[in-house]
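Coordinate analysis (summary)
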Amino acid sequence: MPQAMALLESTREIYPDIEFYVLITDATSRKQPLLESAQVLLPTDLDIDPEWLADMQSYYDPVEFATSLKPFLLSTLLTPSVSTVTFLDPDILLFSELTQGFAAAKISGIALSPHRLTPAELKGKKSGELSFLKYGVFNLGYICVGQLGRPMLEWWGARLRWFCTRFPNDVIFTDQKWMDLIPALFTFSVIRNFGYDVAPWNINERKLFLNDNKLFAANDELVFIHFSQMSSGLAAGNKTEHWKDALQGAPEYADSLKLISKITDDYSEKLVAFGKIIDANSAITMNKRISSVPSFHHRQRLIARSLGIPPKKRFISDNSLKHFGGILKALERSATLNGLRSGLESDLSKMYQRLRSFFHR
């Protein structure tokens, strides 16, 4: 909520009259007094089959559930009278107009922003490009869609109904990795603007500076900063090393680091202040009813029933889940356990094929 309030405040400074919606996945009421200039939506307000929604709440964790609703949120708001709808993650601050994205989405139907616009330095396992291959070329903290983007939203929503997870060996990563298929399947636009989505994964290609009281990233005016993976700590008043680690003490970025650090400190103070207001406001209604470690196998059974896909063999029995449910569900998301299972499955399959070939000679 503090992040949503900060984003709303920064947006209102640039767009006083634009329609602004906040989807709260765990609220029990639309009446949120701290979001007076926005319209609050609940998952039940979205254009989504109630059965789908109930299933998704049962097998996704909070992050997966929130990201799985993105195409349904966009399609709900993209009424025939609306030219574009823009989604922004709550851990974003807006600094200038989103004009380029609006224009691109009107023409092509979809506007996306890549994680980077220039090649990253190759540094072995820590290379940013390797993480983009794993988590997606485009960052889905931002997406803008127009009327021509409706077929994509329908396609995306149907897939996120089942496949919006972040298990260690998944070939997908929540809602984001699916966008790698967009260039092959749909007409779209790439926002090649250094001012869009300034974040730790690209700060070393986007030096920040002030010119005539305007903030710039490289040669483009700063549009928004994405405080990904750090806003929760900032909301607790903690300092972050994300920017410093990303720039690795390079002297040519000293001024840029000083500027982004000042912006981040101010953002942290704002989040802390909003948090105190929330704590003091009894009218805020929340109900944490989304399981933090839902069962992987529950989802697999539903997929098998609905799509006819055979579920994977279970490592964990129903009886075991009754006694050690919390621990065993967490182990389903263990990188070590999943890596061992994947490796064994691959090796045993190869061994079986070789033995079969040998005895059929």
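The structure under discussion appears in the preceding block.
So, a few notes on the structure that sits alongside this text. (Residues numbered from 1 in each chain as written. Predicted model: local features only at pLDDT ≥ 70, side-chain atom pairs only at ≥ 80, totals over all residues. Heavy atoms only, no water.)

Before going further, it helps to spend a moment on the overall build of the chain. Check the secondary structure of the chain and you find 14 helices and 11 strands. By residue count, 45% of the 361 residues in the chain fall in the buried class. Element-wise, carbon and sulfur atoms account for 56% of the exposed surface of the chain, whose accessible area totals about 19,200 Å². (Helix = DSSP H or I, 4+ residues; strand = E, 2+ residues; numbered from the N terminus. Buried < 20%, exposed > 50% of the residue type's maximum accessible area, 1.4 Å probe, protein only. Areas by Shrake-Rupley, 256 points an atom, 1.4 Å probe, with all protein chains shown as cover.)

Take the packing of aromatic side chains next. Throughout the structure, instances matching the rule amount to 14 aromatic pairs. Relative to F188, the ring of F138 has its centre 5.8 Å away and its plane inclined at 80°; by these criteria the two rings are edge-to-face. Pair noted here: F138 is in strand β6 (residues 138–146) and F188 is in the loop between α8 (182–185) and β7 (189–190), with a separation of 50 residues, a long-range link. A relative accessible area of 22% places F188 in the partly exposed class. Measuring from ring centre to ring centre gives 5.4 Å for F209 and F216, while their planes differ by 10°; the resulting arrangement is stacked. (Phe/Tyr/Trp six-rings, centres within 6.5 Å; stacked < 30°, edge-to-face > 60°.)

Time to look at the sheet that holds strand β5 (residues 110–114). If you trace the four strands from one edge of the open sheet to the other, you get β3-β6-β5-β7, paired in mixed fashion. With one partner strand each, in any of the chains shown, β3 (84–88) and β7 form the two edges of the open sheet. Pairing geometry for β3 and β6, over five bridges, is antiparallel. Its bridge partner being in β6, T84 is matched across the sheet by G146. Helix α4 (residues 70–77) contacts β3 and β6 of the sheet and is inclined by roughly 150° relative to β3. (Pairing = 2+ DSSP bridges. Contact = heavy atoms within 4.5 Å. Axes fitted to C-alpha atoms, helices over the stretch in contact; angles between N-to-C directions.)

So, on to the nonpolar core. If you look at the biggest cluster of nonpolar residues, it comprises 49 residues, and the most contacted ones within it are L35, L98, Y142, F224, I225 and F227. If you list the elements that add at least two residues to this core, you get α1 (2–14), β4 (92–94), α5 (99–108), β6, β9 (214–217), β11 (224–226), α10 (242–247) and α11 (254–279). A per-element tally of this core places α11 first, with seven residues. Look past the residues within four positions of F224 in its chain and what remains in contact with it is L88, I92, L93, L94, F95, L98, Y142, G195, Y196, D197 and V198. Residues Y60, L73, V85 and W178 belong to the second largest nonpolar core, which totals 35 residues. (Core = buried A, V, L, I, M, F, W, Y, C linked by side-chain atoms within 4.5 Å.)

Take the sheet that holds β9 next. Read across the open sheet, the three strands follow the order β8-β9-β10; overall the sheet is antiparallel. Every other strand in the sheet has two partners, leaving β8 (208–211) and β10 (220–221) as the edge strands with one partner each. Both β8 and β9 contribute to a ladder of four bridges, which runs antiparallel. Its bridge partner lying in β9, N211 is registered against K214. Here α11 sits on the sheet in contact with β8 and β9, set at roughly 85° to β8.

A few words on unusual backbone geometry. The backbone of T174 shows a phi angle near 45°, a positive value even though the residue is not glycine. Assignment of secondary structure puts T174 in the loop between α7 (150–160) and α8. Exposure remark for T174: the relative accessible area of 4% places this residue in the buried category. Of note in this structure, D212 is not a glycine but carries a positive phi near 55°. Secondary-structure assignment places D212 in the loop between β8 and β9.

A few words now on the pairing of β5. Of all five residues that make up β5, five are buried, and the element is covered over most of its length. Residues of β5 alternate between two faces, with I110, L112 and P114 on one and A111 and S113 on the opposite face, all of them buried. Note that β5 and β6 share four bridges and pair antiparallel. Its bridge partner being in β6, I110 is matched across the sheet by V145. Across two bridges, β5 lies against β7 in parallel orientation. Its bridge partner lying in β7, L112 is registered against V190.

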